Amino acid sequence: MTIEYTKISGGTVYDPANGIDGLVRDLWIVDGRIVEPPTDPTVTPTKTIDASGLVVMPGGIDMHCHIAGPKVNVARKMRPEDKRKGEQIHRTNVTHSGTMGSVPSTFATGYKYIGMGYTTAFDAAIPPLGARHAHEEFEDTPCIDKGFYVLMGNNHYVMQSLQRNEPERLKAFIGWLLASTKGFAPKLVNPGGVEVWKSHQAGNVSGLHQKVDHFEVTPLQIIQGVARAADELKLPHAVHIHCNNLGMPGNWTTTLETMKALEGHRGHITHAQFHSYGGGDADENTFNSKVAPLAEYVNSHPNLTIDVGQVLFGETTSMTGDGPLGYYLSKVYGGKWFSGDTEMESGCGITPIKYKNKSLVHALQWAIGLEWYLLVEDPWRVVMSTDHPNGGSFLAYPQIIRMLMDRTYRQDILKTCHPLVRERSQLGDLNREYSLNEIAIITRAGPARILGLKHKGHLGPGADADITIYTPHENKEIMFELPRTVIKSGRVLVDQGEIREVLTGKTLHVDPNYDRDMEQGIQDWFEKYYSIRWRNYPVDLSYLHESEIVPMITSP
Amino acid sequence: MSASATALAEAPATEGSLKVIQDATCTFCGCVCDDIDLTVKDNHIIEAKRACVLGKAWFLNHKTEDRPSCLIDGQPASLEAGYDRAARILVEGKYPIIYGLSDSPCEAQRVAVSIADWINGTIDTTTSVCHGPSGMAFQGVGEVTCSLGEVINRGDMIMFWGSNPAESHPRHFTKYSLMPKGMFLPNGRKDRTCVIVDVRKTKSAKAADIFVQIKPRADFEGLWALRALSKGIDLDPVQVKRDTGVELAVWQDLMHRMKACKFGVIFFGMGLTMTRGKHANSEALLALTRDMNAYTRFVAKPNRGHGNVTGADNVVAWRTGYPFGVNHSRGYPRFNPGEYTTSDTLANGEADSGMTIACDPMANFSEPARRHLASIPYIALDTKETPTTRAAAVAFTVATYGIHTGGTVYRMDDVPIPLRPSCESPNPSDLEVLTQIERRVKALIGITG
Amino acid sequence: MPETFILIPGRTSDQGCGISEGKFLEKYQREINSLQVAPGDMTRLGIVAGDRVRLTSEDGQVEVCVVPAKADELPVGMLFIAYGDISSKLMGGDTHGSGMPTSKGIDVQMELIRPAAV
Ligand code: SF4
Ligand SMILES: [Zn+2]
């Protein structure tokens with residue numbers, strides 16, 4: 001039997017994980033994986049893709065977006081006006097039709113990601129009770145691999161275990177919950193705050209030390225407990241934290257305290273932009289950037305990683321597992337508002353929003369996001385995200401790349417912003433420009449490493465053949481928004497901007513080892529309070545179509 | 001396709017012996033009770049423990065119909081011939097419509113949406129004649145809501161407006177809303193206040209601590225009066241009584257209680273959506289709920305009817321971006337209730353071919369809509385004979401979801417629940433029929449793969 | 001002279017069970033063909049249980065059998081019928097741009113078809 005090789009020949013390869021920074025290399029693919037070049041020089045590939053003069057990178061990885069599951073779908077249902085205005089996705093002989101707007105339909109989501117050269121995406125906030133729903137949508141989100149993080153920062157069992165000081169029980173519960181939902185990582189959203197929201201008008205916690213009533217635990221305890229458990233379980237991705245006090249002036253101290261609370265445990269602070277604000281006591285007039293001290297702390301603490309949550313000017317939909325935040329935003333913007341509380345587990349808030357460059361607060365948010373990219377020294381620990389669709393669409397990534405690689409471009413945008421932005425942030429003084437290699441790190445190699453995905457984000461032998469080929473261009477936005485060719489699992493899905501073929505894509509999940517003896521206790525609690533039956537809760541394998549269990553790491 | 005349709009099937013029992021299926025899911029109403037223990041003997045359910053009267057009727061009457069799996073123009077036909085004819089009807093139509101889906105699992109609903117996409121057709125679900133207006137209201141003001149477990153654990157003031165769960169959702173009170181002891185309501189019913197607002201004193205009204213009988217077609221006025229009172233606006237007692245049929249003092253007392261509760265819940269029904277005002281009524285209720293969150297926690301939830309009507313909304317929304325009434329004639333989804341909804345495409349004489357899945361428009365639609373449907377070629381999938389299957393060009397008798405077939409359904413609060421089939425059927429599932437039709441549709445229009 | 005009433009079609013237990021048991025069976029058919037009338041209206045109009053009446057709406061006409069409404073379930077001036085084939089015949093095709101025809105709170109005229117047997 002002859003081996004069928006595909007060869008990508010003569011491309012300029014950026015593969016930072018393997019130390020290749022813009023060198024001409026051939027890539028060989030067999031069965032959806034990258035392999036060593038054949039030693040026999042007479043071997044000819046079945047298919048050759050000529051990449052000479054082109055840039056070759058691993059497929060992009062979005063480690064924090066909202067693309068599937070209960071709240072995303074509620075947002076679709078709620079905003080027909082947004083979809084009617086947006087691009088319409090026509091059906092073709094290989095693709096389904098769909099709609100865009102800030103919250104694209106499932107098929108459109110898959111097509112747009114692959115069309116932009118992204119081959120993997122993680123939904124960042126799925127309530128366990130809605131896990132089955134997320135998996136169903138994943139099956140209808142083609143062309144990319146995907147997974148999700150499981151909301152647990154306001155989970156009653158988590159809080160109860162901490163209250164009773166039972167760390168082993170907590171660890172078992174997290175293992176059980178990830179396995180039952182076929183999820184990927186533990187996610188904290190406003191830990192403790194959402195529980196307070198459920199029982200009090202406009203309820204929330206104000207900081208890390210306020211006790212959550214009934215459970216008598218603090219956000220600090222939740223963060224520390226889950227971070228430790230995630231490390232002890234050796235999860236490929238550490239605890240993923242949406243800090244308390246998102247969006248509030250002065251919230252940077254909460255963020256700094258959260259980072260410190262990890263005490264050396266791995267932790268990923270998500271959409272850091274929304275959590276880096278100075279200013280006093282909810283006073284918008286004193287709103288300013290505090291990225292510098294936070295980035296300095298990140299720079300000196302290798303256990304920490306962040307993604308940015310860049311804001312782009314324009315209209316979008318805010319959607320969050322942070323119920324009280326949704327309430328707050330709906331009052332700020334005055335539009336329609338969805339709030340959905342999920343029993344024992346989580347909350348959710350959705351409202352339409354619009355970021356304006358003439359608004360001081362919005363323009364500062366934009367500048368603060370860019371400061372994060374430019375002030376974290378190690379590109380391996382900062383990841384590109386818009387917290388899609390919260391800061392803007394994932395389709396803005398090419399534009400963000402241009403802002404990072406071209407300081408004149410970003411300074412030109414800064415000039416259109418509210419004049420006080422220059423005083424309240426240091427963006428105007430930051431001259432750093434990203435290289436292509438650094439872009440390859442913050443959009444693929446870095447997130448793969450942070451997520452513990454050994455087969456992704458690089459082009460060495462054994463890697464998934466998820467590859468994007470770009471035509472170089474002076475204007476990096478043009479270069480990155482329309483890749484020449486996108487290869488997923490070794491198959492050419494996109495060529496010259498057109499989708500040629502589709503595939504379903506894999507679901508990436510974990511299957512941690514946990515103390516099964518603890519299950520009875522979980523079941524007793526579950527049966528007392530849930531509205532569905534214990535046996536009908538776990539998501540069985542039949543929901544996974546194509547899937548892959550991502551192994552635990554050897555040491556955190 | 002997903003294999004989940006069969007995943008939870010249990011091994012068939014040998015003849016004469018009893019088989020027990022625990023935690024089976026009843027899909028007769030939106031309560032989607034997933035705690036039913038079924039006893040099966042000789043491929044027959046002989047007991048449905050914990051099911052209510054409607055659930056028992058659902059489980060115990062599933063006997064396989066003495067009907068062919070496929071009828072073409074009323075004559076028995078092979079499934080193959082039925083699939084072929086069905087695909088031709090759909091492809092040849094200029095304005096094909098697909099309708100129903102509220103009693104199908106999500107796996108089948110997904111295929112139905114695919115077919116609509118391939119044929120540039122219109123897809124609509126029974127939502128449009130149930131809580132479609134609430135879906136429109138939701139697009140206007142949003143919704144503050146929660147899963148049913150939150151009601152169990154926190155709801156201390158439970159209101160029903162234009163909804164009669166005692167007859168439509170018999171286990172609603174006992175399982176979710178009134179009787180259960182919850183985390184913060186250790187005494188169950190004693191810890192809750194129940195208010196029922198309706199135009200007639202329904203069977204449900206007996207369960208109420210406070211029954212408010214409003215004038216028919218005055219729901220909007222009643223809700224608007226409450227909104228005014230919530231904001232402390234003075235109202236004219238004479239006008240209020242005249243417009244709502246209820247004394248101002250009653251509304252004032254109600255608002256006082258609503259503000260004083262800790263976690264209020266309003267379940268609302270088709271008393272709002274089917275009557276004058278329709279989406280404006282639902283919008284008033286959703287807006288009132290939102291207003292109440294300035295004082296306390298308050299949520300609202302439509303009492304959805306069919307077992308998987310909520311799944312239909314979800315599937316259509318994730319695939320097209322819109323929840324119901326979606327037209328693909330331009331090659332991409334467009335949404336317009338009142339135009340692409342089935343009552344309209346039929347009553348206006350626009351649809352020229354169609355497919356109905358688990359619904360009965362020939363019994364439930366207006367005369368002009370029925371007349372038009374009877375005049376066009378259409379395919380009907382149902383588990384039983386209905387006026388709609390009788391008039392269909394192609395009628396498929398399909399297996400019953402949740403009894404013969406597995407899959408996923410969404411409870412009225414959007415919680416997805418798996419089905420546990422208990423019996424076998426000689427008939428194909430709707431998933432199977434739709435998959436076969438899709439394959440042929442694609443072949444006819446020249447799509448491979 | 002027929003009098004105008006407000007008709008509320010709605011779900012009932014027997015109608016719900018009938019859907020599962022079979023729409024062509026007697027139980028379901030009986031249920032959807034029975035009109036509940038307030039006892040006060042029955043006395044006033046001299047209608048007794050089992051009488052047949054004709055209901056006429058702007059959009060259709062049906063004949064149904066009268067059953068007295070229980071206790072104080074219905075206020076006078078209001079009629080109730082189980083939702084189904086018969087009630088739908090009284091409904092118009094216009095959805096007023098909502099997708100939903102007005103299916104509850106329909107104005108109907110009720111007239112006795114034949115006097116009750118003496
Ligand atoms: S309440 Fe509804 S779902 Fe539950 S058993 Fe009765 S009919 Fe079935
Ligand atoms: Zn997010």
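Please read these numbers as outputs of a predicted model, since none were measured by experiment. (Residues numbered from 1 in each chain as written. Chains lettered and ligands numbered in written order. Predicted model: local features only at pLDDT ≥ 70, side-chain atom pairs only at ≥ 80, totals over all residues. Heavy atoms only, no water.)

Our focus in this paragraph is the overall build of chain B. Counting its regular elements, chain B contains 19 helices and 20 strands. Computed over its C-alpha atoms, the radius of gyration of chain B comes to 23 Å, within 12% of the 22 Å expected for a compact globule of 449 residues. When its C-alpha atoms are laid out on the principal axes, chain B stretches across 70 × 55 × 35 Å. Here chain B, with 449 residues, has 69% of them falling under the buried criterion. Here the analysis covers contacts within chain B between residues at least 6 apart in sequence; of these, 68% occur between residues at least 24 apart. When the accessible surface of chain B is totalled, it reaches about 13,800 Å², and 51% of it is carbon and sulfur. Distance between charge centres in chain B, computed from 49 positive and 49 negative side chains, equals 4 Å. (Helix = DSSP H or I, 4+ residues; strand = E, 2+ residues; numbered from the N terminus. Rg over C-alpha atoms; globule rule 2.2 N^0.38 Å. Buried < 20%, exposed > 50% of the residue type's maximum accessible area, 1.4 Å probe, protein only. Contact = heavy atoms within 4.5 Å. Areas by Shrake-Rupley, 256 points an atom, 1.4 Å probe, with all protein chains shown as cover. Lys, Arg positive; Asp, Glu negative; His and termini not counted. Charge placed at Lys NZ, Arg CZ, Asp CG, Glu CD.)

All names here are of chain A. Coordination of the zinc ion (ligand 2) by the protein involves H64 (NE2), H66 (NE2) and D387 (OD), with metal-donor separations of 2.1 Å. As a motif over one chain, the donors of the zinc ion (ligand 2) read H-x1-H-x320-D. Taken together, the residues span a long stretch of sequence, with H66 in the loop between β6 (60-65) and α1 (70-78) and D387 in the loop between β20 (382-383) and α13 (397-405) at a distance of 321 residues. Accessibility expressed as a relative area gives 4% for H66, which makes it buried. (Donors = N, O, S within 2.8 Å, 3.2 Å for Na, K, Ca; no water.)

Moving on, we come to the interface of chain C and chain B. How big an interface is tends to be stated in terms of accessible area lost as the parts join. Counting residues at the interface gives 40 residues for chain C, matched by 51 residues for chain B. With both chains or domains summed, chain C and chain B bury close to 3,800 Å², and 56% of this area falls on carbon and sulfur atoms. The largest per-residue losses of area from chain C upon contact with chain B belong to C:F24, C:E73 and C:M100, which jointly make up 18% of the total buried on that side. Along the contact surface separating chain C from chain B lie 19 residue pairs in polar contact (both at pLDDT 80 or more). Only β1 (3-10), α1 (13-21), β5 (78-82), α4 (85-88) and β6 (106-112) of chain C provide two or more residues apiece to the side of chain C that touches chain B. The element contributing the most residues to the side of chain C that touches chain B is α1(C), with 6 residues. Its residues assigned to classes, the side of chain C that touches chain B comprises 14 nonpolar, 16 polar and 10 charged. (Buried area = accessible area lost by both parts, 1.4 Å probe. Polar contact = N/O pair within 3.5 Å; in protein donor to acceptor, adjacent residues only side chain to side chain. Nonpolar A, V, L, I, M, F, W, Y, C, P; charged D, E, K, R; others polar.)

It is worth spelling out the packing of aromatic side chains at this point. The tally for this structure, following the rule as stated, stands at 36 aromatic pairs over all chains. Summarising the aromatic geometry, the rings of A:Y5 and A:W28 are spaced 5.3 Å apart at their centres and angled 90° between planes, so their arrangement reads as edge-to-face. Here A:Y5, found in the segment before β1 (6-15), pairs with A:W28, found in strand β2 (residues 20-30); they are 23 residues apart in sequence, far enough to count as distant. Taken individually, A:Y5 and A:W28 each receive the classification buried, so the pair is uniform in this respect. An aromatic cluster is defined as three or more aromatic residues linked by ring pairs; in this entry it consists of A:Y157, A:F173, A:W176, A:W525, A:F526, A:Y530, A:W534 and A:Y537. The cationic tip of B:K259 hangs over the ring face of B:Y295; the distance from NZ or CZ to the ring centre is 4.1 Å. (Phe/Tyr/Trp six-rings, centres within 6.5 Å; stacked < 30°, edge-to-face > 60°. Lys NZ or Arg CZ within 6 Å of the ring centre and 35° of its normal.)

Residue-level contacts link 60 residues of chain A with 75 residues of chain B. Of the charged contacts in the structure, one is a salt bridge between B:R110 and A:E139, with a shortest N-O distance of 3.1 Å. Where chain A packs against chain B, one counts 45 residue pairs in polar contact (both at pLDDT 80 or more). Classifying every residue of the side of chain A that touches chain B by side-chain character gives 14 nonpolar, 28 polar and 18 charged. Here strand β18 (residues 337-341) of chain A pairs with strand β8 (residues 142-146) of chain B via 5 bridges, running parallel. Paired with A:D341 across the two strands is B:C146, which belongs to β8(B). (Salt bridge = Lys/Arg side-chain N within 4 Å of Asp/Glu carboxyl O. Pairing = 2+ DSSP bridges.)

All right, on to empty space enclosed by the protein then. The rolling of a water-molecule-sized probe over the atoms marks out the regions of remaining empty space. Throughout the structure, instances matching the rule amount to 12 cavities of 30 Å³ or more. In this structure, the largest cavity spans a volume of roughly 820 Å³. Of all the secondary-structure elements, those providing two or more residues to the lining of the largest cavity are α2 (53-60), α7 (165-168), α16 (361-364) and β17 (378-382) of chain B together with α1 of chain C. Domain assignment of the residues forming the lining of the largest cavity places at least three in each of domain 1 (70-130 + 307-401 + 425-444) and domain 2 (132-302) of chain B. Roughly 640 Å³ of volume is contained in the second largest cavity. Forming the boundary of the second largest cavity are 40 residues, of which A:V74, A:K77, A:F338, B:E143 and B:D414 lie nearest the centre. Secondary-structure elements contributing two or more residues to the lining of the second largest cavity are α1 and β18 of chain A together with α5 (132-141), β8, β13 (297-302) and α14 (309-320) of chain B. Per-element accounting of the lining of the second largest cavity gives the leading share, 4 residues, to α1(A). Tallied by class, the residues present in the lining of the second largest cavity amount to 18 nonpolar, 13 polar and 9 charged. In terms of domain composition, the lining of the second largest cavity takes at least three residues from each of domain 1 (70-130 + 307-401 + 425-444) and domain 2 (132-302) of chain B. (1 Å grid on protein atoms, 1.4 Å probe; cavity = no way out; pocket = protein on both sides within 12 Å on 5 of 7 lines; lining within 4 Å. Points joined across faces, edges and corners; volume = space filled by probe spheres on them. Domains from an automatic or database assignment.)

The subject of this paragraph is the domain arrangement of chain B. Residues and elements named next belong to chain B. When its domains are assigned, chain B resolves into domain 1 (70-130 + 307-401 + 425-444) and domain 2 (132-302). Using only C-alpha atoms to locate each centre, domain 1 and domain 2 end up separated by 35 Å. Both faces considered, domain 1 and domain 2 share a buried interface measuring about 510 Å² in area, 61% of it formed by carbon and sulfur atoms. Taken as a group, C130, F324 and P337 account for 59% of the area that domain 1 buries against domain 2, more than any other trio of residues on that side. The tally of links from domain 1 across to domain 2 stands at 0 salt bridges. Connecting domain 1 to domain 2 are 2 residue pairs in polar contact (both at pLDDT 80 or more). Its residues placed into classes, the side of domain 1 that touches domain 2 shows 6 nonpolar, 2 polar and no charged.

A word on the pairing of strand β22 (residues 485-488) of chain A. Residues and elements named next belong to chain A. Residues T485 and I487 point to one face of β22 and V486 and K488 to the other, with burial holding for every one of them. Where strand β21 (residues 467-470) lies against β22, 3 bridges are found, and the strand directions are antiparallel. Bridging across to β22, T468 finds its partner in V486. Both β22 and strand β23 (residues 491-495) contribute to a ladder of 4 bridges, which runs antiparallel. Its bridge partner being in β23, V486 is matched across the sheet by V494.

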